[in-house]
Amino acid sequence: MNLNEHHAANRLGLSVQTLRNWRHLCKGPAYIRLGRRIIYREEDLQIFEDSNRIEPNRMAS
C-alpha cells in the first residue's frame with residue numbers, strides 16, 4: 001500500500017516537517033517522487049523501522 005507524506009508521518013509517529021527535513025538531508029525512509037507528489041511504500045516504512053530497531057544487550061546472570 002502507498003501512503004502520502006501525511007499518512008506516512010502518522011504511521012511513524014513523526015511530523016510531516018520531519019519527513020520533509022529528512023528528505024532534504026537524504027535521511028529517513030525510501031520514498032517515490034512523482035512530479036511534486038511524494039509517496040511512501042508501506043514496505044519501505046517497515047524496512048526503515050526495522051533498521052532502527054535497537055535491541056539492548058542482556059546481561060547474563
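Before going into details, it helps to say that this report is about the structure given with it. What you see is a predicted model; the values in this text were computed from it and never measured.

**Examining the overall build of the chain**
- Each helix and strand in the chain was counted, giving 3 helices and 3 strands.
- Relative to the 2.2 N^0.38 estimate, which gives 10 Å for 61 residues, the radius of gyration of the chain is 14 Å and therefore markedly larger than a compact globule would have.
- Principal axes of the C-alpha set define a box for the chain whose edges measure 55 × 25 × 15 Å.
- In the chain, buried positions account for 26% of the 61 residues.
- When the accessible surface of the chain is split by element, carbon and sulfur atoms take 50% of a total near 5,000 Å².
- The centroid of the 10 positive side-chain charges in the chain is displaced by 8 Å from the centroid of its 7 negative side-chain charges.

**Regarding the pairing of strand S3 (residues 37-41)**
- In this sheet, S3 lies alongside strand S1 (residues 2-4) in antiparallel orientation, the contact comprising 3 bridges. Following the sheet pairing, asparagine 2 is matched in S3 by arginine 41.
- Sheet analysis places strand S2 (residues 32-34) next to S3, joined by 3 bridges and oriented antiparallel. For isoleucine 32, the partnering residue across the bridge sits in S3 and is isoleucine 39.
- Counted along the chain from S2 to the antiparallel partner S3, the turn is 2 residues long, and its residue glycine 35 has a positive phi close to 65°.

**Here's the deal with the packing of helix H1 (residues 5-12) against helix H2 (residues 16-24)**
- Contact pair H1 / H2: the axes reach a minimum separation of 8 Å and the direction vectors enclose 105°. Judged on the interaxial angle alone, H2 and H1 are roughly perpendicular. For the pair H1 and H2, contact is made by Glu5, His6, Ala8, Ala9 and Leu12 and by Val16, Leu19, Arg20 and Arg23, respectively.
- Split into classes, the residues belonging to the contact of H1 with H2 amount to 5 nonpolar, 1 polar and 3 charged.

**Brief notes about the packing of H1 against helix H3 (residues 42-51)**
- Orientation of H1 relative to H3, taken along the N-to-C sense of each, is 35°, at an axis distance of 11 Å. The handedness of the crossing between H1 and H3 comes out as right-handed. Residues Ala8, Arg11 and Leu12 of H1 form the contact with H3, whose participating residues are Glu42, Leu45, Gln46, Phe48 and Glu49.
- Class assignment for the residues of the contact of H1 with H3 results in 4 nonpolar, 1 polar and 3 charged.

Rules used throughout
Residues numbered from 1 in each chain as written. Predicted model: local features only at pLDDT ≥ 70, side-chain atom pairs only at ≥ 80, totals over all residues. Heavy atoms only, no water. Helix = DSSP H or I, 4+ residues; strand = E, 2+ residues; numbered from the N terminus. Rg over C-alpha atoms; globule rule 2.2 N^0.38 Å. Buried < 20%, exposed > 50% of the residue type's maximum accessible area, 1.4 Å probe, protein only. Areas by Shrake-Rupley, 256 points an atom, 1.4 Å probe, with all protein chains shown as cover. Lys, Arg positive; Asp, Glu negative; His and termini not counted. Charge placed at Lys NZ, Arg CZ, Asp CG, Glu CD. Pairing = 2+ DSSP bridges. Axes fitted to C-alpha atoms, helices over the stretch in contact; angles between N-to-C directions. Parallel < 35°, antiparallel > 145°, perpendicular 65-115°, else oblique. Contact = heavy atoms within 4.5 Å. Nonpolar A, V, L, I, M, F, W, Y, C, P; charged D, E, K, R; others polar. Left-handed = near helix turned anticlockwise from the far one by under 90°.

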